[in-house]
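Descriptive analysis of the structure
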Amino acid sequence: MKVKKVSSQAQHEQRNTSKHRDKLNRRKKTLTELKKTSLLNASTSTAKLEQLITKREKPRLKRLKKLYAKPVTVNPDKSSSSEEKVKNTSGALAHTNGDTELEGSSDSEDLQEWDAYANSVLQNGMESSTLSDTDQVEKDELQYHVQLDHTQNRAVLVMQQGQTLCFRGKCLLTCLYGRVEVLGFTIEEGQQPYPLFSPPSHCPLTISALGNNSPSNKNKKEGRLEAKAIVRKYLPLEPCKRLINEVNSDSCVVLLEPLDTPLTRFLTSFTELNEIFGINSWELKSQAAIYHPALSAVGVTALREPCAQGLVMSPSYKEALSSLLSAWAGEFDRCPIILVCGAKNSGKSTFMRHLINSLLNQTTSVEYLECDLGQTEFTPAGCLSLNTVTEPLLGPPFTHLRDPEHMVYYGQTECQNDIDRYLESLKSLWCHCSGESPVILNTMGWVKGQGLQILTDLIRLFSVTHVVQLTYGDVPQSYLLTPDFLRTAHGWQTHPPTPSTLTEVSASDLALRSHVFLQIVSEFEGAGTAGEMRFQRSNELRDLALLSYFSKMQSPEPGPMRPLHCFIPYQVPQSSVAIGVVHCEVAPNHILYTANASLVGLCCLSEKVTGRGGPVVLSQTPICQCVGLGVVRGVDMARGLYLLVTPVPPSVLKHVNCLLLGQITLPKELLTMQHGVEAELPYVTTDYSFEVTGAGKLHIHKGLLRRCFIKS
């Protein structure tokens, strides 16, 4: 009986072993067939392969789970004996099968092989079918829950609270549920769509999920149901099924749409600018781009580390921003007047955009006085302006140009040749400030010598309440503009109070005249260094601003772009407008040669201009209102006409009676890329000699010491 019992047990174990082997053989055979199928259908899309794997994989996994995950009922009194029986049984099975490894281990290896092949199929179409562990972890961490509606060509993005999306490109963002923040501005559900521009010329934008700000009487279940209903509204059935499980009450649901405007179409129509909304060379070299199909369809390229830092805010940056927001919230006695200064490439423009967006969360408008001639925010270069900002600035300057309330055309990118006219122009603009909104003054990167004197004048002339000075490195680039420094510093037009005056002024009045000094130490990579990549140089940014300005002449409807020579020019009588050159002296008989094919400021003089034939030449440069810019396309000497092309509407253009020529030139793209011209391009020649005196570029040596700084 004892021998017979052992024999039956061995036969039973042998039958079980043969069953297990048959199942393993069938599974391996299925794997081989699937491999052959994938090789024969290599052109099949990733979605079909994923569906095929899912259909074949799920039943196998279920059976494996039933086979190896049976529940075991253990008697508490005989737990130790049960464990011994399990161990002995497993050992007997291994010995009976004649294998050196456990059956479970061989099955796990087969499952691992199956998973490895499934991952390789899912990665079909990528550059490499195998990824390192580090790359795989980064890929898993940078998964964005987004689905595309192919019919409407729009994407729905679900972000959890605290999640960020740093990207390049352009899109139209609408917050459907919850709240998100972009460059300091909070976008909530129910608000209008906002255009986002993140070109390689500036630091990339970051969309940050702030969660849901729902009323307290709404529980989490109601919030989750509401968010899911919004997803169902904007997505078809299949994409909705893939996204709906990622939605909860604290999620942010964002709608992303392609952004197609006359500006974007006009810029990308030029061959040299077709990658203006792509990624830069460093991001391309670092392989930082994440090409998600749904995001790419709407014009967005997500970035991974180390390029996904976005805006780098140092502790001093955050403290200064918090202090300025508190000043407007009521902790300051009067309306704050904030002057932002610092050397070139210290981060002034980015900080001001961030500050304006943060203030717009608390107020309806912010007044902005443009004092920087070279890198302007709302106008082409060479203009001083006063703007009332009511919409957030979610892109670089060339993406949000607008017509200012008041503007003066200075005509140069620097002011050292005529500082008095520069300061008087700013005084004329300051008279139009309302004083009911916070005021921000943008200054030049000229912080030494006469530039420091100009900053001193601006603080005194406009009664600045807060001075924000940006520096980088261990040593400041100029004197710190503290209240103590201002008590003894001399400006270009102003001077410090005398000791007798200080004794007569009370302590309260002296404190009222003083200002709050805030220093920001910039810690972003490349602080203080000029941009060397494409679209980052100052002259390129000025050209982009001019191209953006003249893109207003293009049709709002999609279609071919029209060059300047295709527009019918305005005919302006020479006797009804005065003309002048602001940056140099030109003989009156050469003035028309200078004006031809030149950029001019369209200005309005207070007195009427009359002439007796021929051009009316100004003897000195006036300080007057400027309504826009234009191009003198040609001069008709026979009829005495200027042929003018401009985006300024005729209702405003009829008040113009002065044309000012400056040092600002037209971008070469407007002249060299004139489509539709069969003969030679107008105003472009190859028969040119640089040997003629004055034909080459004028070189300015800025490193020479000025006379007032030479020690005797």
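Before reading on, note that the structure itself is shown above.
Residues numbered from 1 in each chain as written. Predicted model: local features only at pLDDT ≥ 70, side-chain atom pairs only at ≥ 80, totals over all residues. Heavy atoms only, no water.

Some words on the overall build of the protein
Each helix and strand counted, the protein has 21 helices and 24 strands in total. When each of the 712 residues of the protein is scored for burial, the buried share is 43%. In the protein, of all internal contacts separated by at least 6 residues, the share reaching a separation of at least 24 is 76%. (Helix = DSSP H or I, 4+ residues; strand = E, 2+ residues; numbered from the N terminus. Buried < 20%, exposed > 50% of the residue type's maximum accessible area, 1.4 Å probe, protein only. Contact = heavy atoms within 4.5 Å.)

With respect to the side chain of R353
Residue placement: R353 occurs in helix α12 (residues 348–359). Judged by relative accessible area, which is 4%, R353 ranks as buried. A distance of 3.0 Å separates the side chain of R353 from the side chain of E377, its partner in a polar contact. Non-local contacts of R353, meaning those with residues more than four positions away in its chain, are made with L183, H202, E377, L393, G395, P397 and H400. (Polar contact = N/O pair within 3.5 Å; in protein donor to acceptor, adjacent residues only side chain to side chain.)

Some details on the sheet that holds strand β16 (residues 466–472)
Strand order in the open sheet formed by 7 strands is β14-β13-β12-β15-β11-β16-β17, with mixed pairing between adjacent strands. Each of the sheet's edge strands pairs with one partner strand only, and the pair in question is β14 (406–409) and β17 (516–522). Ignoring strand direction, the axes of neighbouring strands in this sheet form an average angle of 15 degrees. Inspection of the sheet shows strand β11 (residues 337–342) paired to β16 by 5 bridges, in the parallel sense. Note on β16: the bridge partner recorded for I338 is H466. (Pairing = 2+ DSSP bridges. Axes fitted to C-alpha atoms, helices over the stretch in contact; angles between N-to-C directions.)

Some remarks on the pattern of salt bridges
Using the criterion set out here, one finds 13 salt bridges in the structure. With a shortest N-O distance of 3.3 Å, K552 and D403 are connected by a salt bridge. With K552 in the loop between α18 (538–550) and β18 (570–573) and D403 in the loop between β13 (383–389) and β14, this pair connects stretches of sequence that are 149 residues apart. Classification of K552 as partly exposed rests on a relative accessible area of 38%. A salt bridge links K668 to E669, with the shortest nitrogen-to-oxygen separation between them at 3.9 Å. Relative accessible area serves as the criterion here: at 46%, K668 is assigned to the partly exposed category. (Salt bridge = Lys/Arg side-chain N within 4 Å of Asp/Glu carboxyl O.)

Thoughts on α18
Between its first and last C-alpha atoms α18 spans 19 Å; for 13 residues at 1.5 Å apiece the expected length is 18 Å, and the two agree. Of all the residues in α18, the buried ones are L541, L544, A545, L546, L547, S548, Y549 and F550. Considering only its buried residues, α18 is in contact with α8 (262–268), β20 (599–604), β22 (625–636), β23 (641–645) and α21 (668–672). (Expected span 1.5 Å × (residues − 1).)

Geometry only, nothing functional implied.
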